[in-house]
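Residue-level structure breakdown
So you can see what is in the structure, the chains are spelled out below.
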Amino acid sequence: MPAGTPIKLRQSASSRQPGETDYLRILLKNDSPTDADRTAVAKLIQSLDAAATRNHLTQDPPVQSGEMLQIKFRHTGEPVVEIEIVTRATAAPNAGAKDSGGKAGNARLAIIIDDLGSDRAAAEAVFALGYPLTISVLPNHDHSLEIAEEAYRRGFKVMLHLPMQSLANETPEPQELHPGMSAREIATLLDQFLQNVPDAAGVNNHQGSQATADGALMDELMPVLRDRHLFYVDSRTTAATVAYDTAQDFGVPSAFRNVPFLDDVAEAAAVRKQLELALRGAREKGEAVAIGHPHAATIQTLREVLPQAQGQGVRLVPVSELVH
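Residues numbered from 1 in each chain as written. Predicted model: local features only at pLDDT ≥ 70, side-chain atom pairs only at ≥ 80, totals over all residues. Heavy atoms only, no water.

1. Points about the overall build of the protein
Scanning the protein from N- to C-terminus turns up 8 helices and 14 strands. Contacts in the protein between residues far apart in sequence, at least 24 positions, make up 69% of those at least 6 positions apart. Carbon together with sulfur atoms contributes 50% to the accessible area of the protein, which is approximately 15,100 Å² in total. (Helix = DSSP H or I, 4+ residues; strand = E, 2+ residues; numbered from the N terminus. Contact = heavy atoms within 4.5 Å. Areas by Shrake-Rupley, 256 points an atom, 1.4 Å probe, with all protein chains shown as cover.)

Given below as structure tokens:
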């Protein structure tokens, strides 16, 4: 941790009585957390996980709430240690915050990182950012299973990036949803994909400009998702999509991308502009869903810009908080 970081142990382990929980609070006071701070927090979490394993403790998925990351450890199912890591900005809380969609600070932005599964290093770089991003994993790639498992272990919301047929000349996945499939065929393929992307809480479409515009296919897909208690996020790769409306009709908790893709042009300046549009969209709409990819330029821009989000009145949340 950075030098001078105050650490307060609110209750010592030696004094804990049965049924009570030990607490440790780590407070970072910075105008904007540095890369070193976030790396230190990530290493701390890894060390805590290793210590818990040695001491036969289980760890709940970390919970991000505003400035606070909460981590709870259990012994035989009972909570015994709770750790809070707090990043508290010293800047004026309303600096730059103008929220035309409601009270300042109430805007929420979910950022989905698509196409993970092939590059383990890129996934680690996304994890190290230290924000509650949503991780969407393509099935049946070299590292799909381990990336999904590691993301879930670290407390990220995991989604299946469900391959669907495209109208464009994009490279298709070996297996994908396409018009004409029956509910049984969809269910079989979906279950196969979910085995490779465990702990997925929802899905969003990979490509899919043809599939998501096909009402019959979406009518078959949505009951399958509903039966598996999965939410759906429409990536909106075509203006002709009917996926979100169909999900709503079938009672599937759902949302859709309502700001531009972050990195259609994978260059830092372009990504920064799109990310600023996403933040503005969240303030204007009250909530926004953005989608990016694990490009080096995207990761670097997220690292530089996301520390400013709270000062602009935008709270970063998993996309599961924005499905309705």
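2. What about the packing of helix 2 (residues 120-127) against helix 3 (residues 144-153)?
Closest axis-to-axis distance for the helix 2/helix 3 pair is 10 Å, and the angle between their directions is 15 degrees. Taken together, the axes of helix 2 and helix 3 are roughly parallel relative to one another. For the pair helix 2 and helix 3, the sense of crossing is right-handed. Between helix 2 and helix 3, the contacting residues are R120, A123, E124 and F127 on the first element and E146, I147, E150 and A151 on the second. (Axes fitted to C-alpha atoms, helices over the stretch in contact; angles between N-to-C directions. Parallel < 35°, antiparallel > 145°, perpendicular 65-115°, else oblique. Left-handed = near helix turned anticlockwise from the far one by under 90°.)

3. A look at the environment of P307
Tracing the chain through its elements places P307 in the loop between helix 8 (296-305) and strand 14 (314-316). Considered as a pair, P307 and Y131 are 176 residues apart in the sequence and their alpha carbons are 9.3 Å apart.

4. Examining the pattern of salt bridges
The final tally for this structure, using the stated rule, is 12 salt bridges. Note that R154 and E150 form a salt bridge whose closest N and O atoms lie 2.7 Å from each other. As far as the burial class goes, R154 and E150 line up, both buried. The partner of D191 in a salt bridge is R228, and the shortest N-O contact between them spans 2.7 Å. Of this pair, D191 sits in helix 4 (residues 183-196) while R228 sits in the loop between helix 5 (215-227) and strand 11 (231-234); the two residues are 37 residues apart in sequence, bridging distant segments of the chain. Residue D191 is classed as partly exposed on the basis of its relative accessible area of 30%. Its relative accessible area of 29% is what places R228 among the partly exposed residues. Each member of the salt-bridge network shares a partner with another, and the members are R120, E124, E146, E150, R153 and R154. (Salt bridge = Lys/Arg side-chain N within 4 Å of Asp/Glu carboxyl O. Buried < 20%, exposed > 50% of the residue type's maximum accessible area, 1.4 Å probe, protein only.)

5. Considering the pairing of strand 9 (residues 157-164)
For strand 9, the tally of buried residues reaches 7 of 8 residues, placing the bulk of the element in the interior. As paired elements, strand 8 (residues 134-137) and strand 9 share 4 bridges and run parallel to each other. Paired with S136 across the bridge in strand 9 is M159. Across 6 bridges, the pairing between strand 9 and strand 10 (residues 202-207) is parallel. (Pairing = 2+ DSSP bridges.)

6. Observations regarding the layout of surface pockets
If you add up the space inside the second largest pocket, you get close to 370 Å³. In terms of lining, the second largest pocket is formed by 18 residues, of which the most central are D115, E170, H206, Q207 and H293. Secondary structure elements with two or more residues in the lining of the second largest pocket: strand 7 (107-116) and strand 10. Per-element tally for the lining of the second largest pocket: the top contributor is strand 10, with 3 residues. Residue composition of the lining of the second largest pocket, grouped by class: 1 nonpolar, 11 polar and 6 charged. (1 Å grid on protein atoms, 1.4 Å probe; cavity = no way out; pocket = protein on both sides within 12 Å on 5 of 7 lines; lining within 4 Å. Points joined across faces, edges and corners; volume = space filled by probe spheres on them. Nonpolar A, V, L, I, M, F, W, Y, C, P; charged D, E, K, R; others polar.)

7. What to know about the nonpolar core
L109 and I111 are the most contacted members of the largest nonpolar core, which has 59 residues in total. Among residues more than four places away in sequence, those in contact with L109 are A278, L279, A282, A288, A290, V314, R315, L316 and V317. Core analysis: the second largest hydrophobic core is formed by 13 residues, A110, I112, V317 and V323 among them. (Core = buried A, V, L, I, M, F, W, Y, C linked by side-chain atoms within 4.5 Å.)

8. Quick look at unusual backbone geometry
One non-glycine residue, N140, lies in the positive phi region at around 65 degrees. Its location among the elements puts N140 in the loop between strand 8 and helix 3. Positioned with a positive phi, H229 is a non-glycine residue whose angle comes to about 60 degrees. Here H229 shows up in the loop between helix 5 and strand 11.

9. Topic: the environment of A269
Looking at the element boundaries, A269 is found in helix 7 (residues 268-285). It is 8.4 Å that separates the C-alpha atoms of A269 and T301, two residues lying 32 residues apart in sequence.

10. Things to note about the confidence of the model for the protein
Summary statistics for the protein give a mean pLDDT of 83 and a share of 75% for residues scoring 70 or more. This model gives residues 1-21 a pLDDT under 50, and the stretch forms 39 contacts once residues within four places in sequence are excluded. In the model, residues 88-104 has pLDDT below 50 throughout and makes 36 contacts with residues more than four positions away in sequence or in other chains. (pLDDT = per-residue confidence, 0-100.)

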